[in-house]
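Results of the structural survey
In case you want the letters, here they are:
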2 protein chains.
Amino acid sequence: MPQQLSLAEVEDLSFRRLVAAGASDLAAQSVARSIRAAERDGIRSHGLMYLPIYMEHLRCGKVLGAAVPLVTQPRRAAVVVDAANGFAHPAIDAGWQALTLAAQSEGVATMTISRSYNCGVLGHHAERLAEAGLIGLCMTHAPASIAPIGGSVPVIGTNPFSLAVPDGQGGVALSIDQSASVVAKSEVMMRARRGEALPEGWALDAQGQPTTSAEDALKGSMMPSGGYKGFGIGLMVEVLASAMAGANSSRTASPFSGPAGGPPGTGQCFIAFDPVAYADGFSERIAELIAAVLAQDGTRLPGSRRRAARAMTADQGVSVDDALMAKLIA
Amino acid sequence: MPQQLSLAEVEDLSFRRLVAAGASDLAAQSVARSIRAAERDGIRSHGLMYLPIYMEHLRCGKVLGAAVPLVTQPRRAAVVVDAANGFAHPAIDAGWQALTLAAQSEGVATMTISRSYNCGVLGHHAERLAEAGLIGLCMTHAPASIAPIGGSVPVIGTNPFSLAVPDGQGGVALSIDQSASVVAKSEVMMRARRGEALPEGWALDAQGQPTTSAEDALKGSMMPSGGYKGFGIGLMVEVLASAMAGANSSRTASPFSGPAGGPPGTGQCFIAFDPVAYADGFSERIAELIAAVLAQDGTRLPGSRRRAARAMTADQGVSVDDALMAKLIA
């Protein structure tokens, strides 16, 4: 019999389980907030479903629960965070104020994070920047799963970017969050678990040939969205979130799933722009752009599904089935 | 009988024709250099083939040949250029030193340009940043030609971005330059002139339905690369290069071709990062990433065709057919 949890209960349960698994209070708070936000937006893969993985990674030493992030600011607009092989979220929180203050003061600022980990729903970090009145352009890389066009060996991860735009009133006008691959790797993993075939165009096998076998795809590579252009997007993210951040490469990072390989040591790059610095009338131009999209029948804005889920979960909470609940309280 | 011109002759001819059509010496120098660079890289659409359009636009007032760009620096890392409805290239040149010095000093800097124009080969601006040791992330928008997914009315241009990465020795290690659409709009225009059909998947007609008619496509819209993800990329560029820059929107900008509509008033956004500010070992990580791509048979790096052309044109110059030469000296 599925249980219904409020979002506050999701956060509280997550916090307690993370602390029990060895996370510091500060780290557990950051990560529990991110689980709540994922459940709020209906992104269940990064919500409570991920909690058992976080707990496993705390226990096997893939993430260090007591890590203390180190923040430096080598230039006025450059914030550098060493996550010290702990969770990404507390490292991001540690540098947050320096990033936002620098962006407001200098017009743009960049924060890189190294020795980091999966940062959850990337778009939520960009939206947090937008809520501070800044344009957030956030990138995170991931263990390699996309091969170069014509090749078969993955060299970059699904390497998403997200962009969130402030509405001028403390809210988010527009939010984009997309990976460089046709679909998220979690979609392939889910089908592999269920023994289902993949649609064509999602993945290649280990020889670089198209496959509809989820098993073969996991030994092969994910297809980039739009062919070489998707690979180009993934490269951009690799350059900024891995190479510039001084993180492990996607090729050498340990997997985000399973206990093997020690800390992944991946990285993030968050860029924050203060639109007020560049020209007047930014919010009006964004509002007109959005209106031009929505004036057309059958269109929707990026992120509209998340916003719809948000309206529902705030009211009704989320449903947690027995199997997941058993894992969470095990 | 086609004529063979050296790259120096291409630049000289371009300079003289631009001045004759009304460009200031400074503007003509900037634009002539960009035409030379396009011909050098084999990008003929932005080389001498574009020169008659520049000349037409000078004569009809779509671009003001005597415009004086105005550079301000409202924040330490924010450079703002008003191109004053002149060419984009001299406006970019005007802000260049402020942008590169700010990036080196603050770790990152952004330059926006408004009341601007087509900036030619976007990747060349990013490569110029890379030659200064900076990571260049450049965006430019264009008159609307991509409709939102599910819609039929274009709201954003083919809105390209480019990324160029320094090699640590004054050169460019990696250069990406790609539009948000499946193909460049110039490909459709060329096929319309020749009366050729389009491959499927390139464009939609005015009702938002797939079409292989180049004529119908020009009345309709360009398909974004990878569906909604390509549209997301185009939106990112629209937010930064148009809305943040304070430029006309892609929806309201006049066309980049033909004499109608007055100055397009479009914008650019160039972001420059100093990788040295964030971590040691950047160049080594980039070299390893490139090696991992090229170690695989059948792969190539983005921009490899341009580099191949470069090697050839430096030696052999470029061929100009009678029809084009007649237009140029008309």
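Everything numeric in this text was worked out from a predicted model, so none of it was measured. (Residues numbered from 1 in each chain as written. Chains lettered and ligands numbered in written order. Predicted model: local features only at pLDDT ≥ 70, side-chain atom pairs only at ≥ 80, totals over all residues. Heavy atoms only, no water.)

1. Topic: the relation of the copies chain B and chain A
The line we're drawing: The copies are overlaid by a least-squares fit using only the C-alpha atoms of residues whose pLDDT is at least 70 in both copies. Two residues qualify as a contact provided that any one of their heavy atoms is within 4.5 Å of a heavy atom in the partner residue.
Under the fitted operation, chain B is carried onto chain A by 0.0 Å of movement along the axis and a turn of 180°, and the coordinates agree to an RMSD of 0.0 Å. Here the symmetry operator amounts to a two-fold rotation axis. Ranked by how close their C-alpha atoms come to the rotation axis, the residues of chain B are headed by G226 of chain B, at 2.0 Å. A share of 100% of interface residues in chain B that are also interface residues in chain A marks the association as one of identical surfaces.

2. Remarks on the pairing of strand β2 (residues 70-75) of chain A
Residues and elements named next belong to chain A. Using the following cut-off: A pair of strands is treated as paired once DSSP finds two or more bridges between them. Strands are runs of DSSP state E lasting at least two residues, helices are runs of H or I lasting at least four, and both sets are numbered from the N terminus onward.
Pairing of β2 with strand β3 (residues 78-82) involves 4 bridges; the strand directions are antiparallel. Across the sheet, the residue bridging to V71 is V81, located in β3. Linking β2 to β3, which pair antiparallel, is a turn of 2 residues.

3. So, the pairing of strand β3 (residues 78-82) of chain B
Residue and element names in this part refer to chain B. Quick reminder of the rule: Type-normalised accessible area, obtained with a 1.4 Å probe on protein chains alone, sets the label of each residue: buried when under 20%, exposed when over 50%, and partly exposed for intermediate values. Handedness of a crossover: with both strands directed away from the viewer, a clockwise path from the first strand across the helix to the second marks it as right-handed.
Among the 5 residues in β3, 4 count as buried, and that is most of the element. One ladder, built from 5 bridges, connects β3 with strand β4 (residues 108-116); its direction is parallel. Paired with V80 across the two strands is T112, which belongs to β4. This β-α-β element, β3 to helix α4 (residues 88-106) to β4, shows right-handed connectivity.

4. Focus: the sheet that holds β4 of chain B
Definition in use: Helix axes use the C-alpha atoms of the stretch in contact, all axes being lines fitted to C-alpha atoms, and the angles between their N-to-C directions lie in the range 0 to 180 degrees.
Taken together, the 7 strands give an open sheet; going across it, the order is β2-β3-β4-β11-β5-β6-β7 (chain B), and neighbouring strands pair in mixed fashion. Every other strand in the sheet has two partners, leaving β2 (70-75) and β7 (172-178) of chain B as the edge strands with one partner each. Neighbour-to-neighbour, the strand axes of this sheet turn through a mean angle of 15°, independent of strand direction. Sheet topology places β4 of chain B next to strand β11 (residues 266-273) of chain B; 7 bridges connect them, and they run antiparallel. Its bridge partner being in β11 of chain B, I113 of chain B is matched across the sheet by Q268 of chain B. Sitting on the sheet, helix α8 (residues 228-244) of chain A touches β5 (135-140), β6 (161-166), β7 and β11 of chain B, and the angle it makes with β7 of chain B is about 135°. Together, β5, β6, β7 and β11 of chain B form the strand contacts of helix α5 (residues 122-131) of chain B, whose direction differs from that of β6 of chain B by roughly 25°.

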